[in-house]
Amino acid sequence: MESYGAVMRLTRALEGARGILNLHPAYASVLVDFDPRLRTHEQMEALVRECLGMPETAPAEEARTIEIPVRYGGEFGPDLEDIARHTGFTAERVVELFGAAEYLVYFVGFSTCFPYLGGLPPELATPRLSAPRKHVPEGSVAIGGAQAGVYPLASPGGWRLLGRTPLRLFDPQGSPPPLLRMGDHVRFVAEPLAGWQKERRA
Amino acid sequence: MSSIRVVSPGFLTTVQDLGRFGWAHFGVSASGAADPLALRAGNLLVGNADNAAALEMTLTGGEFEFERAATIALTGSDFSTDLPLWTAVEVKAGQTVRCGPSRSGARCYLCVRGSIGVPKAMGSASVHLMTGVGGRALRKGDILPIGNEAVRRPRPCSAVPPFPAAGPLRVTDGPQAAWFAGELYQAEYAISEESNRMGLRLRGPSIPSPAGHMLTEGVPLGAVQVPPDGQPIVLFVEHQTTGGYPKPANVISADFWRLGQLRPRDQVRFERIAMECALELMQAQEKWLHGI
């Protein structure tokens, strides 16, 4: 958590700095992609050290809590029963524990707006599939080891799927920014099936 | 506003500029021209800013009809066209520019004076095929507006890059270089058919998986990563933004354009160089571009 606080501070401090093309925050690192025509490696290193040495200040904006509705199990969460078997709980208890936790968006990355969520109850940790699925549907809510995540777009993936959300985390035709940002808090709220399919098609 | 009609799109043609920056922390990589040197040179020849949007053709080119007279430049690989490459060319109203199968590398650029005038998405006209950001690949019958964003007169010269496409790909050490014993530099690797704008998959002698424990971290363009099967992948313009495979090396900026010209079954070798050399090679390229 300590190194993660530094990741967040550094990312915020470097945002918009001259010569920086992209920032890739992760669990314990920030990859700084910069234009060496505008800043030398030495200058960039000095800037990063300066930002790391800055005193902790209150974040510019309040941390947001975003509720993500989820339909669990069945075709939406084909691995729910496996997660239950692995953890020794009933499927109902897995859903209850998963929904009772509050998650933190550590960072967003992978392939398009994939939120890496910390805060999964340790007793729900389940190893990834030995062979990844070729097709994980958009909106799948998943557990990968001790992490939780949501697949923003259909893609291949090896995490265990326990449900699906109709919320769109990212719309390539829509205007940014995407739904989840680094530092957001997330809660998963169980949702009944009625009306869900319709909304998804809309 | 004048326009271009896509008579045939070829194998895979997209609109590309130099890419979409500032979105990696949302998991969206830059995309952009696979051969940035060819795109920049072509734009400079027709009097555009070097990052103007142009057409990127892949392996087999298309046919494009110009509604009105225009100034264009074809750069990159020779796609069996009867027009000269690496020089500004006038096309007449109604003329169709015909490109065909490549006679050299993987990509050819059609740069148009004034830029391809498509709307920008998140600050760039580049198509990101994997996510759909910026649109899609061109189809027969698409009409592309030509913008009026030229910044100077077309150049009267031709400008063939003096940088050789042959020879080993130059790399600097990646963040986990110390986990490897230099296996990457001991063999030749073939570009797999499964390669795309996300990554160039290499086939060759397997590199043993190092024992170190990786925490997911940011990954850049040109990173050479080694997954558990030991077959390296070079992350390309539509790369993922974070990953958990160790990276022995990173292709230098001055050789990014060569990645864009590699075709399936091409053979590559890697050569490790110092960061200072990598910077000098990049500066030499910048100097040549400034001279156009």
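In short, a report on the structure. (Residues numbered from 1 in each chain as written. Chains lettered and ligands numbered in written order. Predicted model: local features only at pLDDT ≥ 70, side-chain atom pairs only at ≥ 80, totals over all residues.)

Scanning chain A for helices and strands turns up five helices and 11 strands. Sequence-distant contacts in chain A: of pairs separated by 6 or more residues, those separated by 24 or more amount to 57%. (Helix = DSSP H or I, 4+ residues; strand = E, 2+ residues; numbered from the N terminus. Contact = placed C-beta atoms within 7 Å.)

As a further point, take the interface of chain A and chain B. How large an interface is tends to be reported as the accessible area lost when its parts come together. Contact residues are listed per partner, giving 29 residues for chain A and 24 residues for chain B. For the side of chain A that touches chain B, the secondary-structure elements that each account for two or more residues are β1 (20–25), β2 (30–34), β4 (103–109) and β5 (114–118) of chain A. Tallying contributions element by element places β1 of chain A first for the side of chain A that touches chain B, with five residues. Looking at the side of chain A that touches chain B, its residues break down into 20 nonpolar, seven polar and two charged. (Nonpolar A, V, L, I, M, F, W, Y, C, P; charged D, E, K, R; others polar.)

For helix α2 (residues 41–53) of chain A, with 13 residues, the first-to-last C-alpha span of 18 Å sits near the 18 Å given by 1.5 Å per residue. The buried fraction of α2 of chain A is low, at zero of 13 residues. (Expected span 1.5 Å × (residues − 1). Buried ≥ 20, exposed ≤ 12 C-beta atoms within 10 Å, placed from the backbone.)

With that out of the way, let us pick up the environment of G88 of chain A. Structurally, the position occupied by G88 of chain A is in the loop between α3 (80–87) and α4 (91–100). Sequence separation of G88 of chain A and L124 of chain A is 36 residues, and the distance between their C-alpha atoms is 9.3 Å.

Moving on, we come to the nonpolar core. Core analysis: the largest hydrophobic core is formed by 69 residues, its most contacted members being A54, I72, Y109, L110, V112 and V234 of chain B. Looking at which element gives the most residues to this core, the answer is helix α1 (residues 36–46) of chain B, with seven residues. Those residues in contact with L110 of chain B that lie beyond four places of it in its chain are A54, L55, M57, F64, I72, L74 and V97 of chain B. In this structure, Y103, F170, L180 and M182 of chain A belong to the second largest nonpolar core, which totals 51 residues. (Core = buried A, V, L, I, M, F, W, Y, C linked by C-beta atoms within 7 Å.)

Turning our eyes to something else, we now look at the sheet that holds strand β7 (residues 96–98) of chain B. Residues and elements named next belong to chain B. Taking strand neighbours across the sheet as the criterion, the four strands line up as β7-β4-β1-β9 in an open arrangement whose pairing is antiparallel. The open sheet has two edge strands with one neighbour each: β7 and β9 (143–145). The average angle at which neighbouring strand axes cross in this sheet is 25°, direction not considered. Two elements, strand β1 (residues 3–8) and β9, share three bridges in a ladder whose sense is antiparallel. The partner of S3 across the bridge, within β9, is P145. (Pairing = 2+ DSSP bridges. Axes fitted to C-alpha atoms, helices over the stretch in contact; angles between N-to-C directions.)

For the rest of this paragraph, the subject is the environment of T65 of chain A. All names here are of chain A. The residue T65 is located in strand β3 (residues 65–72) in this model. The sequence separation of T65 and I20 amounts to 45 residues, and the corresponding C-alpha distance is 29 Å. Setting aside chain neighbours within four positions, we find T65 in contact with H185 and R187.

Even without a glycine there, the phi angle at C113 of chain A is positive, about 60°. On the neighbour-count criterion, C113 of chain A (28 C-beta atoms within 10 Å) is buried. Residues other than glycine seldom take positive phi values, yet S31 of chain B does so here, at roughly 55°.

Further remarks concern the sheet that holds strand β2 (residues 12–16) of chain B. Residue and element names in this part refer to chain B. Taking strand neighbours across the sheet as the criterion, the five strands line up as β2-β3-β8-β5-β6 in an open arrangement whose pairing is antiparallel. Strands with a single pairing partner mark the edges of an open sheet, and in this sheet they are β2 and β6 (88–91). The sheet shows a mean angle of 30° between the axes of neighbouring strands, direction not considered. When strand β5 (residues 70–76) meets β6, the two strands line up antiparallel, connected through four bridges. Across the sheet, T71 pairs through a bridge with E90, a residue of β6. Along the sheet, α1 makes contact with β2, β3 (54–58), β5, β6 and β8 (107–112), crossing β5 at roughly 155°.

With that out of the way, let us pick up the environment of A178 of chain B. Residue and element names in this part refer to chain B. On the secondary structure map, A178 appears in the loop between β10 (169–173) and β11 (189–191). Given 12 C-beta atoms within a 10 Å radius, A178 is considered exposed. For the pair A178 and Y109, spaced 69 residues apart in sequence, the C-alpha to C-alpha distance is 39 Å.

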